[in-house]
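# Structural features, examined
Spelled out, the chains give:
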Amino acid sequence: MEQKPVIEVKDVSKSFYLPHERHDTLVEYLTNPIRLFRRNGEMYQVLKDIDLKVYPGEFLGIMGRNGCGKSTLLKIIAGIYAPTTGKIIINGSVAPFLELGVGFNQELSGRENVFLNGIILGMNKKKIRQKYDEIVQFAELEKFMEMPLKNYSSGMKVRLAFSIAIMTDAEIYILDEVLSVGDIAFQKKCDGVFAKFKKDKKTVILVTHSADAVKKLCTRAVFLKDGIMHDYHDLNKVVEAYING
Amino acid sequence: MRNYFELLDQFISTDFKLRYKNSYLGILWIILKPLASFAVIYIIWTNLFPQSPDFKMSLLLGIMIMNLFSESIMMGMTSLSTKAGIILKVRFPREVSVFSAVTISLFDFAINMIIFTAFAIWNPIDISFIGIILFILSIFSIYFITTGISLFLSIMFIRLRDLNNLVSVVLQLFFWMTPVYYKIEMLPENLQKIISLNPMTHIVTLARRGLLGASNIATDDFWQIGIVFVLSLIVFGIGVLFFKKRVYKIAEYF
């Protein structure tokens, strides 16, 4: 494959500062100004020299235990965190779904939330208007769009959020454990969407704990443990490594 | 490309809609706050000392302008942290959240100006086209100053969660240090000097001249507002530079 990668993660490390005490009020700094300069805490390295290239049309699965740095890696790729060292190069538009329904507001109606969420995700109003009926139909919420979101069941909210998400027209999709939504009928529809993503040569990075999802959807997978990335070049080996911890 | 202005528009309309969604008085709160402080100061002050006939309108306008100033800063300061849920999940131009908060305060002020106009029916004011331009320039000076300050404070507020207490005290101080309910000439000379260092003193004076004393406008007033306006753009520019430099790390501190 001599293609140009769409995502290139070069030697990325990420450390967080772990304070031993909480100081985030002005009063605390003023009563003990030394704290401003000498902070009591340690650095905790979450990601260690991650090197990763993702090519167009790939479905990359990232597996690993809780707290191993999966979400941090996704957030760095999505541009929410800045890497401590290293570089990220992205060629293409990114639709980050670290959570579904970002910005959803309980007080607003389903319709208002479609526009709010859609615009936060980077769509423009005109396009949301065009796709509106399709979104509602996919979510199967035709009767509920004028109702405030607080009266939706959690399943309904997720369905609405997912339906908006798949209407974004990006080249790269970043999904953080957002696959297992809805009932079986809705799941089937989602599978249809992923098949279409594959056909359209979209690039997808997904974090999941489901071995089935990795085997079914991914063309490649990597395993993260304690901030180090292991690439076994084999889906089954990655799943095996994940199961064995 | 990002849908920059649609995002701004969406934030403004959503936050405006949501702010008073669950309150019975709803949008009335926007006008009740400045009207209440106007009523209190007016009643006390007219009973203490005899006031000139233009005192009422001058006080009302002054309070509305100072209210714009402090509301813009308070809302701008907390704007990043109230958007934390979105900032942690999606990459979008962060400054939009600050711009939308300050712009909402400007809309509130516009609603207050409707009340001012209603007052003006019974208390004739001295207004002209040039006066309105002077007034609008003063209001936009406030808009740029408060946006610049908010860009700075919104970042600081993430690290120092009690900053709002300090800022509200400082804003209170600004209210008293601006000739809103007194005339600067009433003060002793050394105090006058201090008060005239406050940019709000000049802005409020010029805005009042624009709407209440248009027949006295001189070219000098336009020189003054020009200087204030340029200064406000400088404050805005510094705010933008500070914000751009610091904002990329902000997600880690929520």
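Residues numbered from 1 in each chain as written. Chains lettered and ligands numbered in written order. Predicted model: local features only at pLDDT ≥ 70, side-chain atom pairs only at ≥ 80, totals over all residues. Heavy atoms only, no water.

Attention shifts here to the domain arrangement of chain A. Interfaces are often sized by the accessible area lost when the parts come together. Residue and element names in this part refer to chain A. Domains assigned within chain A are domain 1 (1–10 + 53–93 + 170–245) and domain 2 (101–168). When each unit is reduced to the centre of its C-alpha atoms, the spacing between domain 1 and domain 2 is 25 Å. Counting from both sides, the interface comprises nine residues of domain 1 and, opposite them, eleven residues of domain 2. Joining domain 1 to domain 2, the criterion identifies one salt bridge. As a salt-bridge pair, glutamate 140 and lysine 189 come within 2.9 Å of each other at their nearest N and O atoms. Linking domain 1 with domain 2 are four residue pairs in polar contact (both at pLDDT 80 or more). Class assignment for the residues of the side of domain 1 that touches domain 2 results in eight nonpolar, no polar and one charged. (Domains from an automatic or database assignment. Contact = heavy atoms within 4.5 Å. Salt bridge = Lys/Arg side-chain N within 4 Å of Asp/Glu carboxyl O. Polar contact = N/O pair within 3.5 Å; in protein donor to acceptor, adjacent residues only side chain to side chain. Nonpolar A, V, L, I, M, F, W, Y, C, P; charged D, E, K, R; others polar.)

Turning to helix H1 (residues 4–19) of chain B, a few remarks are in order. Between the first and last C-alpha of H1 of chain B there are 22 Å, a value that for 16 residues agrees with the 22 Å anticipated at 1.5 Å per step. For H1 of chain B, the complete set of buried residues consists of Leu7, Leu8, Gln10, Phe11, Ile12, Thr14 and Leu18 of chain B. Among the structural elements, helix H4 (110–120) and helix H5 (125–139) of chain A together with helix H4 (84–87) and helix H5 (95–122) of chain B are those in contact with the buried residues of H1 of chain B. (Helix = DSSP H or I, 4+ residues; strand = E, 2+ residues; numbered from the N terminus. Expected span 1.5 Å × (residues − 1). Buried < 20%, exposed > 50% of the residue type's maximum accessible area, 1.4 Å probe, protein only.)

Right, let's get into the packing of aromatic side chains. This structure, assessed with the given rule, holds 24 aromatic pairs over all chains. With 5.3 Å between their ring centres and 75° between their planes, phenylalanine 16 of chain A and tyrosine 81 of chain A make a pair best called edge-to-face. Of this pair, phenylalanine 16 of chain A sits in strand S1 (residues 7–19) while tyrosine 81 of chain A sits in the loop between helix H3 (70–77) and strand S4 (85–90); the two residues are 65 residues apart in sequence, bridging distant segments of the chain. The class for phenylalanine 16 of chain A is buried, based on a relative accessible area of 17%. For tyrosine 81 of chain A, a relative accessible area of 12% gives the class buried. Through a chain of ring-to-ring contacts, three or more aromatic side chains come together here, namely Trp45, Phe49, Phe175, Trp176, Tyr181 and Tyr182 of chain B. Across the ring face of phenylalanine 11 of chain B, the terminal group of lysine 83 of chain B is positioned such that the distance to the ring centre comes to 4.7 Å. Looking at arginine 161 of chain B, its charged tip hangs above the ring of phenylalanine 157 of chain B, at a distance of 5.6 Å from the centre. (Phe/Tyr/Trp six-rings, centres within 6.5 Å; stacked < 30°, edge-to-face > 60°. Lys NZ or Arg CZ within 6 Å of the ring centre and 35° of its normal.)

Attention shifts here to the pattern of salt bridges. Working definition: two side chains of opposite charge can pair if their charged atoms are close together. Applying the stated criterion across every chain, the model contains 17 salt bridges over all chains. Taking the shortest distance from any N to any O, the salt bridge between glutamate 252 of chain B and lysine 14 of chain A comes out at 2.4 Å. Pair noted here: glutamate 252 of chain B is in the segment after helix H10 (219–246) and lysine 14 of chain A is in strand S1, and the two residues belong to different chains. By relative accessible area, which is 2% here, lysine 14 of chain A ends up buried.

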